[in-house]
Each structure stands twice: as structure tokens, then as C-alpha cells.
Amino acid sequence: MITPDKVIILDFGSQYTQLIARRIRETGVYSEILPCTASLEEIKQSGAKAIILSGGPSSVTESGSPRLDPELLELGLPLLGICYGMQLIAHNLSGGRVSAARDREYGRAEFEILEKSLLFDGIDPSRTHTVWMSHGDKVMLPPEGFTVIGRTKNVDVAAIADSSRNIYALQFHPEVAHTEDGGVILHNFLFKIANLNANWNMSSFVGSEIEAMKKKIGDSHVVCALSGGVDSTVVAVMLHKAIGKRCHCIFVDNGLLRANEGEEVVEYLREHFDLNLRFVKARDLFLGRLDGVEDPEEKRKIIGHTFIEVFEKEASAIEGVDYLAQGTLYPDVIESISFRGPSAIIKSHHNVGGLPDVMKLQLVEPLRELFKDEVRKVALELGLPDFVIWRHPFPGPGLAIRIIGEITEERLEILRRADKIVQSELHATDWYRKVWQGFAVLLPLKTVGVMGDDRTYEHVIALRIVDSLDAMTADWSRVPSEILANISNRIINEVKGVNRVVYDISSKPPSTIEWE
Ligand code: XMP
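Computed from a predicted structure; not experimentally measured.

**Concerning the overall build of the protein chain**
In step 1: Secondary structure summary: the protein chain contains 15 helices and 20 strands in total.
In step 2: Computed over C-alpha atoms, the radius of gyration of the protein chain comes to 25 Å, within 12% of the 24 Å expected from 2.2 N^0.38 for 516 residues, which places it in the range of a compact globule.
In step 3: Overall, the protein chain is about 80 × 60 × 40 Å in size when its C-alpha atoms are taken along their principal axes.
In step 4: Taking all 516 residues of the protein chain together, the buried fraction comes to 57%.
In step 5: Once local pairs closer than 6 in sequence are excluded, the contacts in the protein chain between residues at least 24 apart make up 74%.
In step 6: Counting only carbon and sulfur atoms, one obtains 49% of the accessible surface of the protein chain, whose full area is about 22300 Å².
In step 7: When the 57 positive and 73 negative side-chain charges of the protein chain are each reduced to one mean point, those points stand 1 Å apart.

**With respect to the nonpolar core**
In step 1: Formed by 94 residues in total, the largest nonpolar core has its most connected members in Val234, Leu239, Leu384, Ile461 and Ile491.
In step 2: Per-element tally for this core: the top contributor is helix α6 (residues 230–243), with 9 residues.
In step 3: Two domains each provide a minimum of three residues to this core, namely domain 2 (202–389) and domain 3 (402–503).
In step 4: Non-local contacts of Val234, meaning those with residues more than four positions away in its chain, are made with Leu367, Val375, Val378, Ala379, Leu382 and Leu384.

**Digging into the sheet that holds strand β11 (residues 167–170)**
In step 1: Overall, mixed pairing links the 9 strands, which are arranged β2-β1-β3-β4-β11-β10-β9-β6-β7 in an open sheet. The open sheet has two edge strands with one neighbour each: β2 (30–35) and β7 (129–135). Across the sheet, the mean angle from the axis of one strand to that of its neighbour is 25 degrees, orientation sign disregarded.
In step 2: Pairing of strand β4 (residues 79–82) with β11 involves 4 bridges; the strand directions are parallel. From the neighbouring strand, Leu79 faces β11, where its bridge partner is Ile167.

**Some words on the domain arrangement of the protein chain**
In step 1: One can read the domain layout of the protein chain as domain 1 (6–193), domain 2 (202–389) and domain 3 (402–503).
In step 2: Once you take the C-alpha centre of each, domain 2 and domain 3 turn out to be 27 Å apart.
In step 3: Between domain 2 and domain 3, the contact holds 21 residues from the first and 20 residues from the second.
In step 4: Taken together, the two surfaces of domain 2 and domain 3 that pack against each other cover about 1500 Å², and 53% of this comes from carbon and sulfur.
In step 5: Its largest share of buried area at the contact with domain 3, domain 2 owes to Arg258, Ala259 and Lys299, together 29% of the area lost on that side.

**Here we look at the environment of Tyr432**
In step 1: Topologically, Tyr432 is positioned in helix α14 (residues 431–434).
In step 2: A C-alpha to C-alpha distance of 25 Å links Tyr432 and Glu271, two positions 161 residues apart in sequence.

**Observations regarding the confidence of the model for the protein chain**
In step 1: Of the residues in the protein chain, 95% have a pLDDT of 70 or more, and the chain-wide mean is 90.
In step 2: Overall, residues 337–350 carries pLDDT values under 50, and its contacts beyond four positions in sequence, including any with other chains, amount to 42 contacts.
In step 3: In this model residues 352–358 is a low-confidence stretch, pLDDT under 50, and it forms 16 contacts with partners more than four residues away in sequence or in other chains.

**Quick notes on the environment of Ser54**
In step 1: Along the chain, Ser54 turns up in the loop between β3 (50–53) and β4.
In step 2: Its relative accessible area of 0% is what places Ser54 among the buried residues.
In step 3: Linking Ser54 and Ser164, residues 110 residues apart in sequence, is a C-alpha distance of 22 Å.
In step 4: Once you skip the residues sitting within four places of it in the chain, Ser54 turns out to touch Ile9, Leu10, Asp11, Phe12, Gly13, Ser14, Thr17, Ile20, Ile82, Tyr84 and Gly85.

**Here's the deal with the packing of helix α5 (residues 202–217) against helix α11 (residues 372–381)**
In step 1: Axis separation between α5 and α11 bottoms out at 9 Å; the angle between their running directions is 80 degrees. In terms of orientation, α5 lies roughly perpendicular with respect to α11. Across from Met202, Ser203, Phe205 and Val206 in α5, the residues of α11 making contact are Glu374, Lys377, Val378 and Glu381.
In step 2: Considered class by class, the residues forming the contact of α5 with α11 number 4 nonpolar, 1 polar and 3 charged.

**Considering the packing of aromatic side chains**
In step 1: This structure, assessed with the given rule, holds 11 aromatic pairs.
In step 2: Relative to Phe307, the ring of Phe286 lies with its centre 5.5 Å away and its plane at 70 degrees, an arrangement referred to as edge-to-face. In this pair, Phe286 is assigned in helix α8 (residues 283–290) and Phe307 in helix α9 (residues 296–316), connecting sequence segments 21 residues apart. For the pair Phe286 and Phe307, one class covers both residues: buried.
In step 3: Among the aromatic residues, those joined into a ring-pair cluster are Tyr30, Trp200 and Phe205.
In step 4: Seen from the ring of Phe371, Arg22 lies directly overhead, with NZ or CZ sitting 4.7 Å from the centre.
In step 5: Over the ring of Trp476 we find Arg478; its NZ or CZ atom is 3.7 Å from the centre of that ring.

Rules behind the numbers
Residues numbered from 1 in each chain as written. Predicted model: local features only at pLDDT ≥ 70, side-chain atom pairs only at ≥ 80, totals over all residues. Heavy atoms only, no water. Helix = DSSP H or I, 4+ residues; strand = E, 2+ residues; numbered from the N terminus. Rg over C-alpha atoms; globule rule 2.2 N^0.38 Å. Buried < 20%, exposed > 50% of the residue type's maximum accessible area, 1.4 Å probe, protein only. Contact = heavy atoms within 4.5 Å. Areas by Shrake-Rupley, 256 points an atom, 1.4 Å probe, with all protein chains shown as cover. Lys, Arg positive; Asp, Glu negative; His and termini not counted. Charge placed at Lys NZ, Arg CZ, Asp CG, Glu CD. Core = buried A, V, L, I, M, F, W, Y, C linked by side-chain atoms within 4.5 Å. Domains from an automatic or database assignment. Pairing = 2+ DSSP bridges. Axes fitted to C-alpha atoms, helices over the stretch in contact; angles between N-to-C directions. Buried area = accessible area lost by both parts, 1.4 Å probe. pLDDT = per-residue confidence, 0-100. Parallel < 35°, antiparallel > 145°, perpendicular 65-115°, else oblique. Nonpolar A, V, L, I, M, F, W, Y, C, P; charged D, E, K, R; others polar. Phe/Tyr/Trp six-rings, centres within 6.5 Å; stacked < 30°, edge-to-face > 60°. Lys NZ or Arg CZ within 6 Å of the ring centre and 35° of its normal.

In C-alpha cells form, the structure reads like this:
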């Protein structure tokens with residue numbers, strides 16, 4: 001099997017680091033993010049064929065800011081520094097000079113190519129190009145051996161190159177969509193400067209991950225947390241291919257699932273794969289522990305811990321289980337465990353942040369490096385059906401984080417009914433496939449309405465329907481008003497206890513997709 005060429009991105013805390021990884025993978029080259037604290041040895045061991053230094057919020061002129069091992073620049077690997085990465089190069093090599101921020105610059109700038117360079121191959125040098133800036137400091141003088149290959153109105157040294165050492169650096173961000181020709185620049189770096197092969201695809205991923213899991217797991221048994229979503233289904237099918245019946249899937253009914261959640265997927269898996277599959281009914285345990293709990297983080301922690309407890313109990317009943325498999329994705333990892341600290345923890349996702357400190361089982365997380373759209377490609381590669389592939393994400397803590405405030409049987413029932421209508425109306429049009437996720441949220445307040453001749457005083461349902469690529473950012477979907485009207489009418493008419501429906505028109509950031 002071919003080992004794909006790999007690019008290592010050293011993360012200095014930029015909000016765009018994951019975007020760099022995505023952009024590179026989109027070209028068919030495998031990329032991985034390492035914290036900027038990774039040792040030189042680790043970087044060498046990683047088998048990287050090229051290195052990218054990400055941007056970051058710090059200033060190289062301040063003590064305590066993240067540093068670069070100067071030897072990294074001597075490894076002979078093609079290297080591209082972006083923003084803070086560029087400043088680090090200038091700061092570390094002799095002759096370079098970086099000035100501390102006087103005027104910060106965010107947003108569009110017009111970039112002018114000054115010198116012919118492989119990095120700008122195919123880009124018209126006779127006109128300026130829009131680029132995206134986000135910086136305070138700037139490079140005043142390039143290090144010895146470097147040429148200034150581009151500038152903007154505010155930044156005289158906006159791009160530098162030492163083609164003899166294959167080191168390039170840009171003050172702007174080629175990874176963001178607003179940078180015109182950003183894709184061409186990354187493409188040139190990967191294929192014309194680093195001479196990499198585009199040999200990363202989902203088929204090679206599936207093959208190499210299955211091999212890696214076989215090796216890691218050995219003769220042990222694995223319990224797999226199956227939720228019915230595309231992520232855990234893909235994990236279960238891959239594990240089944242790797243270790244067959246030694247994979248024991250566990251589906252937990254925690255009492256917080258929506259109507260039919262998971263059931264059709266479980267049915268499909270039973271029919272098409274000879275999986276070891278067990279249902280655990282733990283509704284009373286979960287709801288009992290959540291009784292009276294209103295705080296979102298507390299809900300998440302209780303659910304996460306209870307999940308693991310249930311798994312461990314189930315696992316202890318099976319001989320030889322040493323591992324727990326989960327469908328954790330890259331955005332969960334990034335949002336929960338910031339690589340170095342600059343990006344604060346936003347919410348503790350239950351399949352990462354909620355793990356108890358003493359885990360008796362080791363983790364198997366084959367999708368840990370993937371984005372959702374990549375998982376969907378894996379599902380396609382595995383031959384899974386559309387209804388699995390295109391299933392909207394459903395959070396581990398389930399309806400608990402869509403009932404604002406206390407969770408009661410009555411509230412769960414109202415939300416389940418309303419949500420079923422949202423799902424069926426989205427399915428009835430092609431909007432289910434168009435949007436990232438659509439669901440109902442039950443608000444902890446009642447409002448006045450009028451039904452027939454009677455005054456009502458009942459619950460409010462909020463609709464959350466969003467567009468997104470990977471859940472890192474999202475915007476509210478511009479769903480046609482007729483569809484919204486149908487959903488609203490049906491919920492108010494069919495769900496007893498609801499007399500008002502509102503539509504959430506907030507983007508992420510600053511809001512999140514889920515309400516808690
Ligand atoms: P937020 O609310 O953070 O959600 O914008 C981003 C995406 O993640 C899903 N989500 C979760 N998934 N466990 C999960 O497996 C969780 O604890 C969790 N919280 C949020 C959410 O539905 C959205 O797709």
C-alpha cells in the first residue's frame with residue numbers, strides 16, 4: 001500500500017489552521033496539524049515531506065510568544081510560512097527584521113507580484129490581486145538569501161522567497177476563500193515547489209486505517225459506541241472489516257433520542273452486516289441523573305460520564321475488551337482540546353471533553369483527523385446507503401441540549417413531536433440534503449396565543465436550520481418561507497402545548513449551532 005505524501009502544519013494558534021489542513025487535503029495531499037510545541041524529532045518522525053507554519057495571534061517581538069526551533073529551517077524540507085509563520089522565519093534567520101504592530105490590518109488588501117516565482121506560477125503579474133490580511137506585526141527586512149517577491153500598499157514585504165532552500169513566506173492568508181488565487185498559490189507550493197504526489201484519497205484512507213486498527217487492536221475486543229449517525233456507523237463498518245465479530249457495537253437508548261433516531265440505521269446494519277450489536281435501555285438512569293439539572297455544561301458532563309459508565313459496564317461483560325471505538329471528528333477534537341491554548345474551549349463535546357479522567361478502556365478513533373464531508377466520502381467508499389450518508393448530525397447529549405432548562409418527560413415529548421415535523425417537512429422537499437442540519441429547540445418560556453375563541457398560554461419552539469461545511473462555522477439557512485410556514489402551521493396544529501414557532505437567524509460564530 002502506498003503511504004500518502006504528508007504535509008505537517010505547525011499550529012501557532014491561528015483560527016485558520018484547520019482551514020489550511022482542509023485546503024491541502026482537497027488537493028489530494030494528506031495533511032496533519034501538530035502543535036507548535038512539537039519537537040524537531042517528532043516532526044522528523046512524522047515523515048513530513050513539506051511543512052507549513054500557520055499564523056497566530058502572538059507577536060515574535062514579545063517574550064513568551066511561541067517559538068520555532070531554528071533547526072527546522074535547516075532540515076531541507078520545503079517550507080511555507082503564513083503570517084506569524086512568516087514573521088518567525090524573518091525573526092529566526094539572520095538579516096531578517098520584524099516590527100511590532102502599530103497599525104493592525106484585517107481584511108482585504110491588493111497584492112502586487114514583484115518578482116517571478118514558482119509560488120505565483122500561473123498568476124497574472126501585470127495586475128493586482130485581492131488577498132486577505134489579518135496581522136499586527138510585519139516583516140521590515142527579509143533574511144539574507146531571501147528576495148521580496150510581493151507587496152501590498154501597507155506592507156512592503158508581503159511575500160518572500162529563498163528558492164535555493166525552498167523556503168517561502170506570505171504575510172496574507174492563501175487558505176481563505178477571500179484570497180483570490182490562494183488555491184493556486186497552495187497548489188504551486190505543494191506540487192511545483194515540494195513536488196508532492198496527490199495520493200491521498202478516501203480509498204487509501206479506508207485501507208490504511210483498517211490496517212492500522214488491526215495492528216493497534218491485535219487480538220483484543222472492541223466496544224463501539226453506535227449512535228445511528230454517519231460517523232459512528234462508518235466506524236462500526238470499518239471496525240467490522242478490520243476485526244469482524246470482535247467488534248461489539250452498543251446502542252444506548254438514553255431517553256434523549258428523537259423519534260426513530262438510530263433505529264433505521266441499526267436495522268440496516270443488522271440486515272447487511274453480521275455485526276455484534278446490542279441495545280442497552282438506560283433511559284431511567286440518564287433521566288434520573290438529569291433530574292432538576294438546568295446548566296448546559298453540567299448536562300453535557302453528566303451525559304458524557306453516564307455514557308462511558310454504561311459502556312464500561314457493558315464492556316466488562318465481554319471477554320477481552322480493551323478498547324472503546326468512537327466516531328470523534330476533527331472539529332470535535334479542535335473545539336475541545338485547543339492545540340496550544342490560544343483558541344479557548346467553546347463547549348465540551350461529550351465524546352471528547354466529557355471523558356472521565358480514569359478511563360478503563362483505551363480509545364480507537366479512526367475518524368479523528370477527518371472533517372464531516374470527508375467522512376461522507378468514506379461512507380460512500382464503504383458502499384453505505386444515502387440515508388446513512390446524508391443523515392444530519394445529532395449530538396451525543398441528544399435532546400437534552402435542545403431543551404433549554406430542565407428536562408422532563410413532558411418537555412421531551414413536545415420536542416420529539418415538533419422535531420419529527422421538522423424532519424418530515426425537510427425530507428418532503430430537497431432541503432434535507434441542502435442544509436447541514438435542521439431541528440427544533442424547546443424554549444423555557446410560555447407565551448400567550450389564541451386558538452379558536454380561547455386564550456392559550458403555551459410553549460415556544462425555535463427552529464434551527466443551518467448551512468455549513470464542517471460545523472466550525474455556519475449560517476442560518478435561507479429556507480423558502482413556504483416550507484417554514486408549513487413547519488410552523490403543522491407544529492402549532494399538531495403538537496399539543498405549543499402555540500408559537502420562531503426561526504433562529506444567528507450565524508456561528510458568534511452563536512453556536514446547538515442552543516446549549
Ligand atoms: P455547535 O453547537 O458546537 O455544534 O456549533 C457543532 C456541531 O456538533 C454537534 N454537536 C455535538 N456532537 N457531541 C456530538 O457528537 C456533542 O456533545 C455535540 N455538541 C454539538 C452539533 O449538532 C453540530 O453539528
